[in-house]
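Survey of secondary and tertiary structure
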Amino acid sequence: MRVVLAGGGTGGHLYPGIAIAEKLERKKVDIIFMVSDRTVDSKILSPLHYPFIVQHVTPVKGKGFLYKIKSFSKLSVQVLKNMKIIKRSDKVLLLGGFASAAAGLAALLKRCEIYVHEQNSVMGFANRFFVKFAKKVFVSFEIKNMEIPEAVLTGNPVREGIAEIEPKYEHSRHLLVLGGSQGSRFINRLMIESFERLKKEGIEIKHQTGSMLYNETVEGYKSKYGVCEGENLEITDYVNDIQDALKWSDAVVSRAGSGSVYEIMYAKRPAVFIPLKLAADNHQYFNAKFFEEHGYGYVLTEDEATPENFCKKIMSLFKNYNGFSRKLASVKRFNASEIILSEMGFV
Ligand SMILES: CC(=O)N[C@H]1[C@@H](OP(=O)(O)OP(=O)(O)OC[C@H]2O[C@@H](n3ccc(=O)[nH]c3=O)[C@H](O)[C@@H]2O)O[C@H](CO)[C@@H](O)[C@@H]1O
């Protein structure tokens, strides 16, 4: 028995697969990842011991005609390659994004059991296609743009250890700033503009910029304040140990990809989410809204996010800290990986 975990292109599609792989391993089931050729996928998987296939595919949605033709031909070549790797007896779990499509099509042609997990509150393009062929569909949030009556609400699979983090009541003013797996230029600039005020409030900041945006962000801090890092500020391109960073934090500012929302919620930290305005069908906004509606923190849209509003929201997290912590302490945690594996027939 082997499970193919297909998806990638961003951490948001890949980390849920890793959370599931951690559990499958204990059940002595063989695993293979099928990911994209973006460096983020290999960077995340290389230090781990799971086998993975890099697929040479690009997104087919939203670009010009010539680009689409190229993408479709790449996709076809990759599907043929995948058909040599995927076996009829494999169970294939599609984690969404363009990197899951070639594996999904190969699995369809091989007539394998197909399962779909959608991380966001709006179903993505690739998953929407495969849902009709899936034996079961798992969702992290209730889906807004599609009726899937038999979908199983599992929450987002989160890596081990994160959900065991305790809420804080006695707190200092440690603020973790995350831009999602690729970083966020919008949040980086907002932080540079807001740093002086946050520093005056005694806030200590760990700021993850994204690998591609690291240099420009450091330069931004330097040109505005003369120095970049110091007592109150630590800048990093990528947080390798997210569990450790969440433990250190008292509050978080973040983009609102599904993984980020679930991890911050399970780590029981109040947060200000700034959803990516351009996310397909505004899905980050709906992910973040779920968090806000439960009273765990705030959503601040890009249009509302002036440095003044931003700092007010952060200060409001600290002012009402114990109220947020009490609510977060009672977060109902789904054991997403276990539910998914049991629905796939692994007991
Ligand atoms: C630009 C883009 O396409 N964004 C999408 C992507 O976001 P993104 O990849 O940022 O997705 P998520 O927020 O879901 O997950 C990010 C993951 O990366 C990890 N992490 C992040 C930063 C870091 O320094 N270290 C680290 O380990 C987080 O712990 C988390 O597990 O996938 C999400 C889930 O489908 C979507 O909602 C987003 O719209």
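Residues numbered from 1 in each chain as written. Predicted model: local features only at pLDDT ≥ 70, side-chain atom pairs only at ≥ 80, totals over all residues.

Within the chain, the secondary structure is distributed over 13 helices and 13 strands. Here the C-alpha radius of gyration of the chain, 20 Å, is about what a compact globule of 347 residues would show, namely 20 Å. For the C-alpha atoms alone, the extent of the chain along its principal axes is close to 60 × 45 × 35 Å. Across the 347 residues of the chain, 48% fall into the buried class. A fraction of 65% describes how many contacts in the chain between residues 6 or more apart in sequence connect residues 24 or more apart. (Helix = DSSP H or I, 4+ residues; strand = E, 2+ residues; numbered from the N terminus. Rg over C-alpha atoms; globule rule 2.2 N^0.38 Å. Buried ≥ 20, exposed ≤ 12 C-beta atoms within 10 Å, placed from the backbone. Contact = placed C-beta atoms within 7 Å.)

Looking now at the sheet that holds strand β1 (residues 2–6). In spatial order, the strands read β3-β2-β1-β4-β5-β6-β7; together these seven strands make up an open sheet with parallel pairing. Two strands close off the open sheet at either side, each with one partner strand: β3 (52–55) and β7 (152–153). Here strand β4 (residues 91–94) runs beside strand β5 (residues 113–118); their pairing, made up of four bridges, is parallel. Opposite L94, over in β5, you have V116 as the bridge partner. (Pairing = 2+ DSSP bridges.)

Our focus in this paragraph is the environment of G12. Assignment of secondary structure puts G12 in helix α1 (residues 11–26). Along the primary structure G12 and N120 are separated by 108 residues, whereas in three dimensions their C-alpha atoms are 9.4 Å apart. Look past the residues within four positions of G12 in its chain and what remains in contact with it is Q119, S181, G257, S258 and G259.

Another aspect to go through is the packing of helix α9 (residues 258–266) against helix α10 (residues 283–293). One way to put it is that α9 packs onto α10 with a least axis distance of 9 Å and a crossing angle of 15 degrees. One element, α9, and the other, α10, form an angle in the roughly parallel class. Viewed along their axes, α9 and α10 form a crossing whose handedness is right-handed. The residues of α10 that touch α9, namely those facing S258, V261 and M265, are N287, A288 and F291. Its residues assigned to classes, the contact of α9 with α10 shows four nonpolar, two polar and no charged. (Axes fitted to C-alpha atoms, helices over the stretch in contact; angles between N-to-C directions. Parallel < 35°, antiparallel > 145°, perpendicular 65-115°, else oblique. Left-handed = near helix turned anticlockwise from the far one by under 90°. Nonpolar A, V, L, I, M, F, W, Y, C, P; charged D, E, K, R; others polar.)

A word on the sheet that holds strand β12 (residues 271–273). Taken together, the six strands give an open sheet; going across it, the order is β10-β9-β8-β11-β12-β13, and neighbouring strands pair in parallel fashion. The open sheet terminates on both sides in strands that have one partner only, identified here as β10 (233–236) and β13 (297–299). In this sheet, neighbouring strand axes are inclined to one another by 10 degrees on average, regardless of whether the strands run parallel or antiparallel.

So, on to the pairing of strand β11 (residues 251–254). Both faces of β11 are covered, namely the face carrying A251 and V253 and the face carrying V252 and S254. By the bridge criterion, four bridges tie strand β8 (residues 174–178) to β11 in an arrangement that is parallel. From the neighbouring strand, L176 faces β11, where its bridge partner is V252. Alignment of β11 against β12, held across three bridges, turns out to be parallel. For V253, the partnering residue across the bridge sits in β12 and is V272.

What follows deals with the UniProt feature "domain: Glycosyl transferase family 28 C-terminal" (unreviewed entry) in the chain. Mapped onto this numbering, the UniProt entry gives "domain: Glycosyl transferase family 28 C-terminal" (unreviewed entry) at residues 175–322. Counted over residues 175–322, helix gives 47% and strand 16%. Its end C-alpha atoms are 16 Å apart. (UniProt positions renumbered as here; feature names shortened; annotations may be inferred.)

Neighbouring the ligand are 25 residues, the closest being G11, G12, G180, G257 and G259. At the level of elements, α1, α9 and α10 are the ones that each hand at least two residues to the shell around the ligand. A class-by-class count of the residues in the shell around the ligand yields seven nonpolar, 16 polar and two charged. Formed jointly, the shell around the ligand draws a minimum of three residues from each of two domains, domain 1 (2–153) and domain 2 (162–329). (Near = placed C-beta within 6 Å. Domains from an automatic or database assignment.)

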